[in-house]
Amino acid sequence: MKSMVCAAVAASTMISLGHPATAASEQNKCHLANGIEHVVYLQFDNVHLRRDNASVPSDLEQMPNLLNFLTDEGTLFTRHYTPLISHTSVDILTALTGVYGDKFGVPIGNSFGLFVNNGVASFPSSFTYWTDKLADGTYEMLDQQGHNAPAPWVPSTRGGCDVGAFSIANIDFENVTTDIDNVFGPSSPQHSEAASNPNKAITDFEGIIIHCAQGSPVCAKNGAPDILPDEPGGYQGFQVLYGNANVQPQISPQGPVDDLDGDVIADSHGNVGFPGFSPSASQSLGYLATMLEAGIPVVYGYIADAHDNHAAGGTFGPGETGYVQQLAAYNEAFGKFFARLARAGISKHNTLFIITADENDHFVGGSPAPANCDGVNIPCTYAEKGEINADLSLVFATEFGDVTPFRVHSDDAPTFYINGNPGQTAVATRTLEREAGQLLGFDLVDGPNGSTNQVTQALADQAEQALLHMITADPNRTPNFILFANPDYFLTASGNTSPLCTPMANAASCFLEQSGFAWNHGDFQNQITQTWLGIVGPGVRKLGRFGEIFSDHTDIRPTMLSLVGLRDDYAHDGRVLFEALARHVLPLSLRAHGDTLSQLAEAYKAINAPLGELGVRILTGISTTALKGDDSTYTLLEAEINAITKRRNEIAGSMIEMLEGAAFDNRPVNDAVAAHLIGEAYDLLDSVP
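So, here is what we can say about the structure in this document. Please read these numbers as outputs of a predicted model, since none were measured by experiment. (Residues numbered from 1 in each chain as written. Predicted model: local features only at pLDDT ≥ 70, side-chain atom pairs only at ≥ 80, totals over all residues. Heavy atoms only, no water.)

**Description of the overall build of the protein chain**
And then number 1: A tally of regular secondary structure across the protein chain gives 20 helices and 26 strands.
And then number 2: Its C-alpha radius of gyration of 24 Å places the protein chain within 12% of the 26 Å reference for a compact globule of 689 residues.
And then number 3: With respect to the three principal axes, the spread of C-alpha positions in the protein chain is 75 × 65 × 60 Å.
And then number 4: Residue burial in the protein chain is summarised as follows: out of 689 residues, 64% are buried.
And then number 5: At a minimum sequence separation of 6, the contacts of the protein chain that also span at least 24 residues come to 75%.
And then number 6: Roughly 22600 Å² of accessible area belongs to the protein chain as shown, and the carbon and sulfur atoms make up 52% of that amount. (Helix = DSSP H or I, 4+ residues; strand = E, 2+ residues; numbered from the N terminus. Rg over C-alpha atoms; globule rule 2.2 N^0.38 Å. Buried < 20%, exposed > 50% of the residue type's maximum accessible area, 1.4 Å probe, protein only. Contact = heavy atoms within 4.5 Å. Areas by Shrake-Rupley, 256 points an atom, 1.4 Å probe, with all protein chains shown as cover.)

Next up, the structure:
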């Protein structure tokens, strides 16, 4: 897991106390709808609303300053889901863009396979700056036409609003190698600093950015061109401040930026600036508060998970002392954050708050001790704690004698890239798929003595990946197939096929508990993919915990843009969550046809969302049966999946056109056409066993 988080887009102006005169003049250029003057977008890495131990209060329950704010002042969506694969990078970028991974180029995980000239996959990081390119010459952030995907900050900056970010996936620098060379060049002073003092370069340039509106005084000093060569409609004359070295003098001219506890934000070596991609709540919220006070109206921030030991390394189980202490610190930070913003005139009355978590994690561990522990009053401890690791190269060689070379994106849901990139019906591909369906593992935390069980819970080849929105414009990125495993397992592939494991039946000696990490994600199970979304601010109804509708990360961006009166140059996969918005902020078409459009949206998500009913039903049913079956079964079921996907795309395309037209263009709704589309969607669902 990479600790990163982030957001989607929006914008707003700033009225705060004591910010610079230059910022005060800039705020007049940023005009948003519905009385919104600021936007604060926060995304956690794996902070849970649900309880991972029934006796231990959940993460959010141990953060009442945040939980009460969301439930008392706005709407907390509880049927909110990730895309697939459910992973930090994919989840963040889906929220940023409002579309699934097939439309922004990174649908797999925190790294993804890329078949290179020798037919062997390399694994570039999914975290790079927005305009970086891969070894095959394509943009990493890639739309379906092969262009650089539209950048999330553009509607805001075009609307006159500066956009600041702290630790946000791919809209700031993610490294000091390719990112610096891409923007500044290999002969630049920034490159020289990165080569001679990489730790300082990280604090100077990574993880912090301000994208400025045209003519913004914030970028008048230290600004560099904000270059987006493929942006729809063009994007010239915009500036950007890259990194703390350029941002801090503009937002905190008196000196370094402090966290909410008054400590200078710095790395573990004492270098002032970006602390790394596992920032605490105090660090992220402190930097964002400084941006807001300095007149930056739109900010995005990420906060690391609380279940890993960020001080000494390792990991915690639910209710362990260190876990509880970190959550208490997060709770205190939110109390300070809301109070500080209020002193600057930034509140729920003029600010849109969007807060979510990228995904949830599955805890891999035994029972807590003592049995009556609740974490808060009685600390929990765990004798067994840690994911079950296995090397698939050795497991396949042991259980099946199959030494076919392949590589995977290591994960609970590993993606297979077979050397030479054979076709879907090639012997090597079909053999590995059938064997994957039969894999046995030894789960050391399943029962007092461990147990043998099935490794694989679902399989997806390229036909199923297309249904799940995972096929990009770059065929070199497409895995041969994906194995969705028992959530206790974390699976790798070294390429080594000896010495074999024992026994031959279940390769038990290859399955080892990794005590340093105990929280698995990436898979399709509800425990991992169901997360939460909180929205507070002007135009948002106070519904508290709200589980009446299905939503996922694609819905965040269109909802934000609708509220602030901005729009994208492309169609979203998500829809505006208008059921939680006040009538006066909705266009007439939505108000007049709310019930019909709500039913349309529910049917749309059921067939189009990867974790909707259609996606899950086919993944765990037809797709898995096809890959495990003989060639005739495979051929028959693959044709069925392709036909379903084609029909789904036709129905869903008409549905989202109607939903977006009503939300962003106030386009009239034909109730009869909507009812027909709803019927077609459920007929499609009924056709799938």
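And the narrative resumes.
**Comments concerning the state of the cysteines**
And then number 1: If you walk through the whole model with that rule in mind, you get four disulfides.
And then number 2: For C212, the disulfide goes to C219, at an S-S distance of 2.1 Å. Its S-S torsion of approximately 80° makes the covalent link between C212 and C219 right-handed.
And then number 3: The disulfide that involves C373 links it to C380, with 2.1 Å between the sulfurs. The chirality of the disulfide connecting C373 with C380 is right-handed, given an S-S dihedral of about 100°.
And then number 4: Under the relative-accessibility criterion, C380 is labelled buried at 1%.
And then number 5: With its disulfide-bonded cysteines labelled consecutively along the sequence, the protein chain is connected as 1-2, 3-4, 5-6, 7-8. (Disulfide = S-S within 2.5 Å.)

**What about the packing of helix α9 (residues 281-293) against helix α10 (residues 321-343)?**
And then number 1: It is the contact of α9 with α10, at a shortest axis distance of 9 Å, that shows an interaxial angle of 10°. As far as their axial angle goes, α10 and α9 are roughly parallel. Contact residues: A281, S282, L285, G286, A289, T290, L292 and E293 in α9; Y330, A333, F334, F337, R340 and L341 in α10.
And then number 2: Of the residues that constitute the contact of α9 with α10, the class distribution is nine nonpolar, three polar and two charged. (Axes fitted to C-alpha atoms, helices over the stretch in contact; angles between N-to-C directions. Parallel < 35°, antiparallel > 145°, perpendicular 65-115°, else oblique. Nonpolar A, V, L, I, M, F, W, Y, C, P; charged D, E, K, R; others polar.)

**A word on the sheet that holds strand β19 (residues 456-461)**
And then number 1: The antiparallel open sheet is built from four strands, whose spatial order is β15-β16-β20-β19. Lying at the two open borders of the sheet, with one neighbouring strand each, are β15 (406-409) and β19. Taken over all neighbouring pairs, the strand axes of this sheet differ in orientation by 25° on average, direction set aside.
And then number 2: One ladder, built from four bridges, connects β15 with strand β16 (residues 415-418); its direction is antiparallel. Paired with F406 across the two strands is I418, which belongs to β16.
And then number 3: On the sheet, helix α12 (residues 427-438) packs against β15, β16, β19 and β20 (481-485) and is oriented at approximately 160° with respect to β19. (Pairing = 2+ DSSP bridges.)

**Some thoughts on the pattern of salt bridges**
A side chain of one charge can pair with a side chain of the opposite charge if their charged atoms are brought near each other.
And then number 1: In the structure shown here, the tally under the stated rule is 27 salt bridges.
And then number 2: Note that E602 and R79 form a salt bridge whose closest N and O atoms lie 3.4 Å from each other. With E602 in helix α17 (residues 594-608) and R79 in strand β2 (residues 74-81), the pair connects residues that are 523 residues apart, well separated along the chain.
And then number 3: Take R79: its relative accessible area is 26%, and that puts it in the partly exposed class.
And then number 4: The partner of E320 in a salt bridge is K385, with the nearest N and O atoms 2.7 Å apart. (Salt bridge = Lys/Arg side-chain N within 4 Å of Asp/Glu carboxyl O.)

**Quick word on the side chain of N360**
And then number 1: Relative to the helices and strands, N360 resides in the loop between β10 (351-357) and β11 (362-363).
And then number 2: Within the structure, N360 has its side chain in polar contact with the side chain of R50 (distance 3.0 Å).
And then number 3: Within polar-contact distance, the side chain of N360 engages the side chain of T531 at 3.4 Å.
And then number 4: Setting aside anything within four residues of it in sequence, one finds N360 in contact with N46, V47, H48, R50, N520, H521, Q527, I528, Q530 and T531. (Polar contact = N/O pair within 3.5 Å; in protein donor to acceptor, adjacent residues only side chain to side chain.)

**What about the pairing of strand β5 (residues 163-166)?**
And then number 1: Where burial is concerned, the two faces of β5 agree: the one with V163 and A165 and the one with G164 and F166 are both buried.
And then number 2: Across four bridges, the pairing between β5 and strand β6 (residues 208-211) is antiparallel. Counterpart to F166 in the pairing with β6 is I208.
And then number 3: Relative to strand β9 (residues 298-303), β5 is paired through four bridges, and the arrangement is parallel. When the bridges of β9 are listed, F166 appears paired with G301.

**A few points about helix α2 (residues 64-73)**
And then number 1: Among the residues of α2, those classed as buried are L66, L67, F69, L70 and T71.
And then number 2: Check the buried side of α2 and you find it contacts β1 (38-44), β2, α10, β10, β24 (530-536) and β25 (544-546).

**Notes on the nonpolar core**
And then number 1: In terms of nonpolar packing, the biggest core is built from 214 residues, with F44, W153, M291, F484 and W532 touching the most fellow members.
And then number 2: For this core, the element with the most residues is helix α19 (residues 631-665), which contributes 13 residues.
And then number 3: Setting aside residues no more than four positions away along its own chain, M291 makes contact with G164, A165, I208, I209, I210, V247, I251, I296 and V299. (Core = buried A, V, L, I, M, F, W, Y, C linked by side-chain atoms within 4.5 Å.)

**Examining the packing of aromatic side chains**
And then number 1: Under the defined criterion, the tally for this structure stands at 33 aromatic pairs.
And then number 2: An angle of 45° between the planes, with centres 6.0 Å apart, marks the rings of F396 and F400 as tilted. Highlighted residues: F396 and F400, both in helix α11 (residues 392-400), separated by four residues, approximately one helical turn.
And then number 3: Owing to a relative accessible area of 26%, F400 belongs among the partly exposed residues under this scheme.
And then number 4: Put simply, the rings of F44, F69, F334, F337, F338, F353 and W532 touch in pairs and so form one group of aromatic residues.
And then number 5: Its end group placed over the ring of F578, R575 keeps NZ or CZ at 5.2 Å from the ring centre. (Phe/Tyr/Trp six-rings, centres within 6.5 Å; stacked < 30°, edge-to-face > 60°. Lys NZ or Arg CZ within 6 Å of the ring centre and 35° of its normal.)

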